[in-house]
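# Observations on the three-dimensional arrangement
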Amino acid sequence: MCKNPLDFLKKVVNKVKNNYKNREIKLATIAIIIMGCFFYGNYAQNVLVKKVVAKETYNYRANSKIVQSLDLNAVYDYRSILKESEEVGKEEINYLEEQIKDITKDHPIEEMAPFIAKYDKKIAALIVGIAKKESNWGKRSPLKNGQTCYNYWGYKGQGSRGMGMGYGCFANPEEAVAAIGGRISELANQNIDTPAEMVVWKCGRSCAATGGQVAANKWIADVSIYYKKITRLAS
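Model, not experiment: these values are computed from the prediction.

## Observations concerning the packing of helix α7 (residues 121–135) against helix α8 (residues 173–188)
With their axes 10 Å apart at the nearest point, α7 and α8 run at an angle of 120 degrees to one another. Between α7 and α8, the crossing angle belongs to the class labelled oblique. Where α7 crosses over α8, the handedness of that crossing is right-handed. Contacts between α7 and α8 involve Ile123, Leu126, Ile127 and Ile130 from the first element and Ile180, Gly181, Ile184, Ser185 and Ala188 from the second.

## Thoughts on the pattern of salt bridges
A full pass over the atoms with the stated rule returns four salt bridges. Of the charged contacts, one joins Glu97 and Lys101 as a salt bridge, the two residues approaching to 3.1 Å between their closest N and O atoms. Of this pair, Glu97 and Lys101 both sit in helix α5 (residues 75–103), separated by four residues, roughly a single helical turn. Look at Lys101 and you get partly exposed, because its relative accessible area is 26%. The salt bridge partner of Lys133 is Asp222, with a shortest N-O separation of 2.6 Å. Of this pair, Lys133 sits in helix α7 while Asp222 sits in helix α10 (residues 212–234), placing them 89 residues apart in sequence. By relative accessible area, Lys133 is classed as partly exposed at 26%.

## Digging into the state of the cysteines
What the rule picks out here adds up to two disulfides. Two residues share a disulfide in this structure: Cys149 and Cys169, whose sulfurs sit 2.1 Å from each other. Judged by the torsion about the S-S bond (-85 degrees), the Cys149/Cys169 disulfide is left-handed. Here Cys149, found in the loop between β2 (147–148) and β3 (163–164), pairs with Cys169, found in the loop between β4 (167–168) and α8; they are 20 residues apart in sequence, far enough to count as distant. The pair formed by Cys149 and Cys169 is uniform in burial state, with each residue classed as buried. Paired by a disulfide, Cys203 and Cys207 hold their sulfur atoms 1.9 Å apart. Judged by the sign of its S-S torsion, about 95 degrees, the cystine formed by Cys203 and Cys207 is right-handed. Judged by its relative accessible area of 8%, Cys203 falls in the buried class. Residue Cys207 is classed as buried on the basis of its relative accessible area, which comes to 17%.

## Describing the nonpolar core
Counting residues in each nonpolar core, the largest one holds 40 residues, and the members touching the most others are Met112, Ile116, Trp153, Ile184, Met198 and Trp201. If you list the elements that add at least two residues to this core, you get α5, α6 (113–116), α7, α8, α9 (200–203) and α10. Per-element tally for this core: the top contributor is α7, with eight residues. For Ile184, the contacting residues outside a window of four places in its chain are Ile123, Leu126, Ile127, Ile130, Met198 and Trp201.

Calculation rules
One numbering rule holds for all chains: residues counted from 1, following each sequence as written. Given that the model is predicted, a residue must reach a pLDDT of at least 70 before its local features are reported, and side-chain atom pairs must reach 80 or more before they are shown or counted; all residues, however, enter totals for whole chains, interfaces and linings. Hydrogens and water are ignored here; the side-chain numbers use all heavy atoms of the structure. Axis lines are fitted through C-alpha atoms, for helices just across the contact stretch, and the angle between N-to-C directions can take any value from 0 to 180 degrees. Counting from the N terminus, the helices are the DSSP runs of H or I reaching at least four residues and the strands are the DSSP runs of E reaching at least two. For this classification, under 35 degrees means roughly parallel, over 145 means roughly antiparallel, 65 to 115 means roughly perpendicular, and everything else is oblique. Left-handed describes a crossing whose near helix is turned anticlockwise from the far helix by less than a right angle; the clockwise case is right-handed. Contacts were defined at the residue level, with two residues in contact if any of their heavy atoms lie within 4.5 Å. Within this document, salt bridges are pairs made up of a side-chain nitrogen of Lys or Arg and a carboxyl oxygen of Asp or Glu, the two lying within 4 Å of each other. Type-normalised accessible area, obtained with a 1.4 Å probe on protein chains alone, sets the label of each residue: buried when under 20%, exposed when over 50%, and partly exposed for intermediate values. Any two cysteine sulfur atoms lying within 2.5 Å of each other are counted as a disulfide. Only buried residues count toward a nonpolar core, which is a set of Ala, Val, Leu, Ile, Met, Phe, Trp, Tyr and Cys residues joined through side-chain atoms within 4.5 Å.

Dropping the structure here:
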C-alpha cells in the first residue's frame, strides 16, 4: 500500500469525485486517505499530500477551512474525520431502511427493516421479495407454543428455538434476518442472486415436487415485483 503515493492518491481522489457530489465529503475522504499514507512515510505527508490536496481543493475554496484546520499529528482530528466518514457510509443504509419500512408498512416484517438494510441491496431485495411471497411479510408464519417464530421465508433450517410447525423458529427479528440473510448471501456467492435463479429456495433440487414449472414461474414473478422495486429504489 502507498508504494507510489501520488498515483494511489490520484486514483482515490478520482473515485471520490465520481461517487460523491458533496464537497465536504470529498475533502473529508481525501483527508482519510492522507492519514493512511502518512504512516508509510513523511514524503507522502509533506510533499505528495500537499500537491494532491492543493489541486483538488483549488475549486472549493469555500470549504478550504476543513483542510487548513487539519492537524495530521492530532489523534482528535483523525477520529473526528473518521466519524464523519462513517456517518456518510450510514446514509445509504438509512435510506434503504426507510424504503423497506414504507413498502412493508403495517406488516410484521417492518420491524426487521433495520437489520435487512445492513445487507447489500440485492440481498436485501431478495429477503423482502421472498418474505412477501412466502408469508405476506409475516402475516402467515409458523408459531411455537403460540408465539411467532419470526420465520417469514418458509426456512426449514433450525433456529435457536428449534422448529415450529416444521419450520425454523427464531428467538427474535435480528436472529431471523441474520439466518436468512446469511443463507441468501451464500447462494449469491454461487451466482444465485436473482429471483429466477433463487427459485431453488422454493424448489430445492427439482420443481416437480413443489407444483411444477408453472408454480415455479409464478414464484419467480411474485418475488421479482419487490426485488425490482427495492433494487431500483436503492440505486
